[in-house]
Amino acid sequence: MDSPRIPVILASQSPRRIELLKTIIKNFRVVPSKIDEVCDIDLSPEENAMLLGQKKATWVAKHHPRNLVIGADTMVVLENKIIGKPTDAENARQILKQLSGQEHKVITGVAVVHSKIFSAVSISHVRIKVLNTREINSYVESGEPMDKAGAYAIQGEGSFLIKSYSGSYSNIIGLPMGLLKDLLRKSNFSI
């Protein structure tokens, strides 16, 4: 199904992105980028997500120029404020209290680099149900929120937190597959 001529690299160690990419490309390598993931305060969350996805992919492509490189960056945004991964269990509780009863955006910037850069942004909306302290504590104690932007995983135990969502489900997990397929086509990579 994938092109034997161009080796593919995913510029991410995210287990979720790896699993999603395996659904369309069977053979690829994982080479995480070594960029500083710092947002530019003068840019919108959408622009930051796209720029970070591009930086990750171009950093890896610079070191592996004969490969097609896929980079992505996912952000959770509540009222135009970027909410990152929790720093510890207490921070995870605070994040979940912030998101409780609210709708937020999940923004993923995706870049495909192979001689040229093809990039775009996917935006999904997620509404978290009103959570009580026991639900928040129990979920944080599971350990699942700790390496996730927004401190939850829609595809895991965190699915109970979700009241509703719109947009790409795979975007909320961390790699919008419809958008990625479009970018791969634009780069002339046959899926």
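The text that follows walks through the structure, step by step, so that each part is easy to find.

For helix H3 (residues 89–99), the complete set of buried residues consists of Asn91, Ala92, Arg93, Ile95, Leu96 and Leu99. If you follow the buried residues of H3, they end up packed against strand E3 (68–78), strand E4 (81–83), strand E5 (103–114), strand E6 (116–128) and helix H4 (133–141). Among the residues of H3, the N-terminal cap falls to Asp88, whose side-chain oxygen and the backbone nitrogen of Glu90 are separated by 3.2 Å. Positive backbone phi, approximately 75 degrees, marks Gly101, located one or two places after H3.

Here the structure, examined in full by the defined rule, presents 2 aromatic pairs. Their ring planes at 80 degrees and their centres at 5.9 Å tell us that Tyr139 and Phe160 sit as a pair that is edge-to-face. Highlighted residues: Tyr139 in helix H4 and Phe160 in the loop between H4 and strand E7 (162–166), separated in sequence by 21 residues. A centroid spacing of 5.6 Å and a plane angle of 50 degrees characterise the contact between Tyr165 and Tyr169, whose relative ring orientation is tilted. Of the residues examined, Tyr165 reaches a relative accessible area of 41% and is grouped as partly exposed.

Let's shift gears to unusual backbone geometry. Within the chain, Asn80 stands out as a residue other than glycine whose phi angle is a positive 65 degrees. With respect to the helices, strands and loops of the structure, Asn80 is situated in the loop between E3 and E4. In this structure Asn80 comes out as exposed when scored by relative accessible area, which is 57%. Phi angles above zero are rare outside glycine, and Ala151 is one such case at about 65 degrees. By the element assignment, Ala151 lies in the loop between H4 and E7. Looking at Ala151, the relative accessible area reads 0%, which means it is buried.

Turning our eyes to something else, we now look at the nonpolar core. Formed by 46 residues in total, the largest nonpolar core has its most connected members in Leu21, Ile25, Ile70, Tyr152, Leu180 and Leu184. Counting residues in each nonpolar core, the second largest holds 9 residues, with Ala11, Ala57, Val60 and Val113 among its members.

Let us look at the side chain of Thr108. Tracing the sequence through the fold places Thr108 in strand E5. When its relative accessible area of 0% is taken as the criterion, Thr108 is described as buried.

Bringing the pattern of salt bridges into the picture now. The final tally for this structure, using the stated rule, is 9 salt bridges. Put simply, Glu19 and Lys22 hold a salt bridge, and the shortest N to O gap is 3.4 Å. Residue Glu19 and its partner Lys22 are located together in helix H1 (residues 15–22), separated by 3 residues, close to a single helical turn. Of the residues examined, Lys22 reaches a relative accessible area of 39% and is grouped as partly exposed. The closest approach of N and O atoms between Asp182 and Arg185, which form a salt bridge, is 3.0 Å. One end of the pair, Asp182, and the other, Arg185, are both in helix H6 (residues 177–186), 3 residues apart, so they sit about a helical turn from each other. Note on Asp182: relative accessible area 39%, which makes it partly exposed. Counted as one network, the salt bridges with shared partners bring together Arg16, Asp147 and Lys148.

Below, the discussion takes up the environment of Ser14. Examined against the element boundaries, Ser14 turns out to sit in the loop between strand E1 (8–10) and H1. Residue Ser14 is classed as buried on the basis of its relative accessible area of 13%. Separated by 39 residues in the primary sequence, Ser14 and Gly53 place their C-alpha atoms 13 Å from one another.

Reading the values: the criteria
One numbering rule holds for all chains: residues counted from 1, following each sequence as written. Totals for whole chains, interfaces and linings use every residue, but because this is a predicted model, local features are given only for residues with pLDDT of at least 70 and side-chain atom pairs only at 80 or more, for both listing and counting. As a convention, hydrogens and water are excluded, and side-chain values are obtained from all of the structure's heavy atoms. Burial here depends on accessible area, computed with a 1.4 Å probe over protein chains only, as a share of the maximum for the residue type. Under 20% is buried, over 50% is exposed, and the range in between is partly exposed. Per the convention used, a helix needs a DSSP run of H or I reaching at least four residues, while a strand needs a run of E reaching at least two, with both numbered from the N terminus. Residue contacts are defined here by distance: any two heavy atoms, one from each residue, within 4.5 Å place the two residues in contact. Any pair of N or O atoms that falls within 3.5 Å is considered a polar contact. Within protein, one atom must be able to donate a hydrogen and the other to accept it, and sequence-neighbouring residues count only if both atoms are side-chain atoms. For Phe, Tyr and Trp, rings pair up if their centres lie within 6.5 Å, where Trp contributes its six-membered ring, and each pair is then called stacked (planes under 30 degrees apart), edge-to-face (over 60) or tilted (otherwise). We define a nonpolar core as any set of buried Ala, Val, Leu, Ile, Met, Phe, Trp, Tyr and Cys residues linked to one another through side-chain atoms lying within 4.5 Å. Salt bridge, as used here: a side-chain nitrogen of Lys or Arg that lies within 4 Å of a carboxyl oxygen of Asp or Glu.

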